[in-house]
Amino acid sequence: MIDRDVISSAMYEAMRLAATQLPPDVDAALVAALEAESDPLARRHIEVSLENARAAAEGEGLVCADTGFPLFFITAGSRTQIEGGFGALHDAAAEATGRATADAYLRPTMVDPLTRANPGDNIGPGMPRVLLSFEGDGDGLEITAAPKGGGSEIFGTFYRMMYPSDGEAGILSFVLDAIREGCYAGKICPPAIVGVGIGGTADLCMALAKEAAVLRPIGVANPDPNVAALERKLFDAARNLGIGAMGAAGTSAVMAVNVETAVTHTAALPVAVNAQCLVGRRWRASISASGDVSFTGDPA
Amino acid sequence: MNETVRDLTLPLSEDDARGLELGETLTVSGLVFTGRSRLHIRAIEQGILPPLDFSAINCFFHVGPVMRQTEPGWEVVSIEPTSSIRFERYSPALVRKLGLRTLIGKTTMGPGTAEALREVGGVHLSKIGVCGNLLRRQVKRVVEVHFLEELGKTEATWVFEVERFGPFFVDIDATGRNYFAELDAHSRERLAAMRGELGIPEDFAYTEVNP
């Protein structure tokens, strides 16, 4: 039985770490992008961003001040038990988000969509977002906290319901247009991690794109060789659009293009794109059944 | 961010603004005020403006700062310039209404703002990289805040005194030229070439179900 307060504390700490430290794979990918980039302004964008992130890691400020949407991706095992039941995850997430906002690790950014009223704590209907899935027969919890910045979410979300006859040409065309549009003038804060969902229902398609962008470690290809080949084609093409970091000239538009698929209706070919920005914030807390907690920036 | 670049004193004079070249890197020193969507909408739709002397406090910084209240007063945690293009609906009117010579934000604005800046003799300066913690070091004083109760910390109007603030680069100059417009033309050509390499037929069109 995992204690509710242990979960809330772990969520707070994972959110604090995500807000103040680059995940190691993202840090390494930015360094690699800098080495491969030749455009002086694009290089400067990356250098400054790395320097800014180092300041945050040393206790000065945040990786990025737009801490965006507070998201928690949670995976439980079939034997996981939680004090107060699984519904306690929502309360724990709200408590962690409120604390992180009060301590200025999260900016109060969530507002009512119509009145635009800001409660000041990032808590309201739907937020923080808790996405629960089950995997394996374990008894622990894996919680990834991801403060997802506005730039990538607002300017980097695309969806189209295509049809089987649109085929791979349709997929390539749609995703490349989305990357160019999102990266123009640095709207999604490139070098971006581009998540692509193909298949499923409309909402599943978008969820696949988001998870591909936020949760997949950089440098890991889809295990299906056909999908991996599609990722490679899109990645290579994205690096040849004449767009670099933050929309400057150059080649560093993307750090990764990650594609996830789900089976879909025989009449449909839904495709979604969701981008993650260059700071790629996510930090994971692993909680054992006995309540031991460990943290890592390397995603599952 | 250590290289020495030209520093200009705020408020910019018209000569200063018109002397800046597209792509030039610079820092600014003086007073800036902050705002985002709410300031724009309220200023133009409702005529609600913060009580500032805009001839003296003339640099509009597009940002929602992260602020922390401490014993001696407000402290800046991080200030990341936000995407200026979101304000394009109201920005040209605001630039004209307040005679703004300096906008600071993240990358590009539309032709309407570019034209308004050309008329008043003003520029848009874009951030370089993700830089909110580095900019924080250059805020010497939190001078005042307006609309904190109504709008909250993120959308309130803060006035900061800054010193060697930046560096930023000029992405819209006082003639209305836009740094990103030329890059856009180039990337459209590259996109067409990449579509060809990937074997997307030139006449490809998505299946139309409302023919």
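Residues numbered from 1 in each chain as written. Chains lettered and ligands numbered in written order. Predicted model: local features only at pLDDT ≥ 70, side-chain atom pairs only at ≥ 80, totals over all residues. Heavy atoms only, no water.

**Q** Sorry if this is basic, but what is going on with the domain arrangement of chain A here?
**A** By a widespread convention, an interface's size corresponds to the accessible area lost as its parts come together. Residue and element names in this part refer to chain A. Here chain A is partitioned into domain 1 (4-21 + 63-149 + 281-296) and domain 2 (151-276). Using only C-alpha atoms to locate each centre, domain 1 and domain 2 end up separated by 26 Å. In this assembly, 10 residues from domain 1 lie in contact with 13 residues from domain 2. For the pair domain 1 and domain 2, the summed buried area comes to about 840 Å², and 60% of that belongs to carbon and sulfur atoms. It is Phe 73, Lys 148 and Arg 282 that lose the most area in domain 1 upon contact with domain 2, and together they represent 64% of the buried surface on that side. (Domains from an automatic or database assignment. Contact = heavy atoms within 4.5 Å. Buried area = accessible area lost by both parts, 1.4 Å probe.)

**Q** Hey, could you run me through the pairing of strand E2 (residues 129-134) of chain A in this one?
**A** Remark: a regular strand shows side chains that alternate across the two faces of the sheet. Residue and element names in this part refer to chain A. The pairing of strand E1 (residues 69-76) with E2 spans six bridges and is classified as parallel. By the bridge assignment, Phe 72 is partnered in E2 with Val 130. This β-α-β element, E1 to helix H4 (residues 88-102) to E2, shows right-handed connectivity. (Pairing = 2+ DSSP bridges. Helix = DSSP H or I, 4+ residues; strand = E, 2+ residues; numbered from the N terminus. Right-handed = clockwise from strand over helix to strand, strands pointing away.)

**Q** Any chance you could explain the interface of chain A and chain B here in plain terms?
**A** Residue-level contacts link 51 residues of chain A with 53 residues of chain B. Summing both sides of the interface, chain A and chain B together bury roughly 4,500 Å²; the carbon and sulfur share of this comes to 60%. For chain A, the biggest contributors to the area lost against chain B are A:Glu60, A:Arg107 and A:Arg180; these three give 14% of the whole. Our enumeration of links across chain A and chain B arrives at four salt bridges. (Salt bridge = Lys/Arg side-chain N within 4 Å of Asp/Glu carboxyl O.)

**Q** Help me understand the pattern of salt bridges, please; the structure alone is not making it clear to me.
**A** Note that side chains of opposite charge can pair when their charged atoms are close. Applying the stated criterion across every chain yields a total of 31 salt bridges over all chains. Across the pair A:Arg180 and B:Asp184 runs a salt bridge whose closest N-O atoms are separated by 2.8 Å. Residue A:Arg180 is located in helix H6 (residues 167-183), and its partner B:Asp184 is located in helix H7 (residues 179-197); the two belong to separate chains. Comparing A:Arg180 with B:Asp184 shows no difference in burial state: the two are buried. Of the charged contacts, one joins B:Arg42 and B:Glu150 as a salt bridge, the two residues approaching to 3.2 Å between their closest N and O atoms. (Buried < 20%, exposed > 50% of the residue type's maximum accessible area, 1.4 Å probe, protein only.)

**Q** When you look at the sheet that holds strand E9 (residues 293-296) of chain A in this model, what are you seeing that I'm missing?
**A** Within a sheet, adjacent strands bond to each other through the backbone by hydrogen bonds, running parallel or antiparallel. Residue and element names in this part refer to chain A. The strand order across the open sheet formed by five strands is E2-E1-E3-E8-E9, and the pairing between neighbours is mixed. Edge positions in the open sheet fall to E2 and E9, since each of these has one partner strand only. Between one strand axis and the next, the sheet turns by 20 degrees as a mean value, whatever way the strands run. Pairing analysis gives eight bridges linking E1 to strand E3 (residues 141-148), with the strands arranged antiparallel. In the sheet register, Phe 69 faces E3, and the bridge partner there is Lys 148. In this fold helix H7 (residues 202-214) packs onto E1 and E3, with an angle of close to 95 degrees to the strand it touches most, E1. (Axes fitted to C-alpha atoms, helices over the stretch in contact; angles between N-to-C directions.)

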